[in-house]
Amino acid sequence: AQSVSQHNHHVILSEAASLELGCNYSYGGTVNLFWYVQYPGQHLQLLLKYFSGDPLVKGIKGFEAEFIKSKFSFNLRKPSVQWSDTAEYFCAVNPMDTGRRALTFGSGTRLQVQP
Amino acid sequence: DGGITQSPKYLFRKEGQNVTLSCEQNLNHDAMYWYRQDPGQGLRLIYYSQIVNDFQKGDIAEGYSVSREKKESFPLTVTSAQKNPTAFYLCASRTGTRDTGELFFGEGSRLTVL
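Residues numbered from 1 in each chain as written. Chains lettered and ligands numbered in written order. Predicted model: local features only at pLDDT ≥ 70, side-chain atom pairs only at ≥ 80, totals over all residues. Heavy atoms only, no water.

### Considering the overall build of chain A
Looking only at helices and strands, chain A has zero helices and 12 strands in total. Counting from the amino terminus, chain A carries its helices and strands in the arrangement β-β-β-β-β-β-β-β-β-β-β-β. Taking 115 residues into account, the globule formula puts the C-alpha radius of gyration at 13 Å, and chain A, at 14 Å, falls close to it. Within the span of chain A, comprising 115 residues, buried residues form 50% of the whole. Within chain A, contacts between residues at least 6 apart in sequence are counted, and of these 55% link residues at least 24 apart. Accessible surface, chain A as shown: approximately 5300 Å² in total, 51% of it carbon and sulfur. Taken as two groups, the 10 positive and 8 negative side-chain charges of chain A have centres that lie 6 Å from each other. (Helix = DSSP H or I, 4+ residues; strand = E, 2+ residues; numbered from the N terminus. Rg over C-alpha atoms; globule rule 2.2 N^0.38 Å. Buried < 20%, exposed > 50% of the residue type's maximum accessible area, 1.4 Å probe, protein only. Contact = heavy atoms within 4.5 Å. Areas by Shrake-Rupley, 256 points an atom, 1.4 Å probe, with all protein chains shown as cover. Lys, Arg positive; Asp, Glu negative; His and termini not counted. Charge placed at Lys NZ, Arg CZ, Asp CG, Glu CD.)

Structure follows, in structure tokens:
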């Protein structure tokens, strides 16, 4: 079964610092990849997604992620974080050539941005 | 507005009781999902359904049951057989035709077993 690993469980940054959150997955076939964010008290929402094409994808609020197939990675980045980025971030993978028609999520990374 | 409605938002249950969590969507999505969220464990898939009257077990289906009698509804029953039911439950949906659509989530139901 596929799995998703998020290496950082809790990250604390100051405003304007750069962010990179790691995500690795175990499935060797074709995948769709996602990053979701859960702001305090709000429902999960999509940050960005990768289906095919340019491995560098841009999402909302200045976030981007790079798909590196050889490393099975899909790391999330933002050049300069803001206090409002404080949230929990989840990486997810959807294998495209199995019978499983559902996303597998990582354990999440809690980001705390200090003003 | 279109979206996913989960109810109740908070629920308390005594041990040994079954409880049903409601999930309704008006997005006309084919596929619906139930995830369980626990601190430090992310979201784990309980059950999912691609079409009406059909559903599949996810990674942690034991102690749970579902039905999909209508396209817009996918209730989850947490049975007394679920050994550790206290958790935050999330319902989601997406267009199921190409498996590439994003998931849309409800606001969740928090179940506490006393």
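Let's pick the thread back up.
### What to know about the packing of aromatic side chains
Two aromatic rings, taken as a pair, are described by how far apart their centres are and by the angle between their planes. Scanning the model with the defined rule gives 14 aromatic pairs over all chains in all. On the basis of an interplanar angle of 25 degrees and a centroid distance of 6.5 Å, the ring pair of tyrosine 33 of chain B and tyrosine 35 of chain B is categorised as stacked. Tyrosine 35 of chain B gets classed as buried once you look at its relative accessible area, which sits at 0%. Joined through ring pairs, the aromatic side chains of Phe34, Tyr36, Phe51 and Phe105 of chain A together with Tyr33, Tyr35, Tyr48 and Phe105 of chain B make up one cluster. (Phe/Tyr/Trp six-rings, centres within 6.5 Å; stacked < 30°, edge-to-face > 60°.)

### Re the pairing of strand 6 (residues 45–50) of chain A
For a regular strand, the rule is simple: side chains alternate between the two faces of the sheet. All names here are of chain A. Sheet analysis places strand 5 (residues 31–38) next to strand 6, joined by five bridges and oriented antiparallel. If you follow tyrosine 36 over to strand 6, its bridge partner there is leucine 46. As consecutive antiparallel partners, strand 5 and strand 6 are separated by six residues, and within that stretch glycine 41 has a phi angle of approximately 75 degrees, a positive value. (Pairing = 2+ DSSP bridges.)

### Considerations on the state of the cysteines
Residue and element names in this part refer to chain A. Applying the stated criterion across every chain, the model contains two disulfides over all chains. In this model cysteine 23 forms its disulfide with cysteine 91; the gap between the sulfur atoms is 1.9 Å. Between cysteine 23 and cysteine 91, the S-S dihedral sits near -65 degrees, and the bridge is therefore left-handed. On the criterion of sequence distance, the pair formed by cysteine 23 in the loop between strand 3 (19–21) and strand 4 (24–25) and cysteine 91 in strand 10 (residues 87–95) is long-range, its members being 68 residues apart. Accessibility assignment for this pair places cysteine 23 and cysteine 91 in one class, buried. (Disulfide = S-S within 2.5 Å.)

### Some thoughts on the interface of chain B and chain A
Taken together, the 23 residues of chain B in the interface contact 21 residues of chain A. Counting across the interface, chain B meets chain A through zero salt bridges. Counting every contact that joins chain B to chain A gives five residue pairs in polar contact (both at pLDDT 80 or more). Residue assignment for the side of chain B that touches chain A shows that the elements contributing at least two residues are strand 4 (31–38), strand 5 (42–49) and strand 9 (87–94) of chain B. Among the residues forming the side of chain B that touches chain A, the class breakdown is nine nonpolar, eight polar and six charged. (Salt bridge = Lys/Arg side-chain N within 4 Å of Asp/Glu carboxyl O. Polar contact = N/O pair within 3.5 Å; in protein donor to acceptor, adjacent residues only side chain to side chain. Nonpolar A, V, L, I, M, F, W, Y, C, P; charged D, E, K, R; others polar.)

### Brief notes about the pattern of salt bridges
All names here are of chain A. Scanning the model with the defined rule gives eight salt bridges over all chains in all. The salt bridge partner of glutamate 64 is arginine 77, with a shortest N-O separation of 3.4 Å. In this pair, glutamate 64 is assigned in strand 8 (residues 64–68) and arginine 77 in strand 9 (residues 73–78), connecting sequence segments 13 residues apart. Measuring nitrogen to oxygen at the nearest pair gives 2.9 Å for the salt bridge that ties lysine 78 to aspartate 85. Aspartate 85 matches lysine 78 in its accessibility class, with the two residues each being buried. The network of salt bridges with common partners includes Lys58, Glu64, Glu66 and Arg77.

### Some thoughts on the pairing of strand 9 of chain A
Residue and element names in this part refer to chain A. Counting buried residues along strand 9, five of its six residues qualify, which places the element largely inside the surrounding structure. Where strand 3 lies against strand 9, three bridges are found, and the strand directions are antiparallel. Note on strand 9: the bridge partner recorded for leucine 19 is lysine 78. In terms of strand pairing, strand 8 meets strand 9 through five bridges, oriented antiparallel. Considered in strand 9, the bridge of glutamate 66 is made with asparagine 75.

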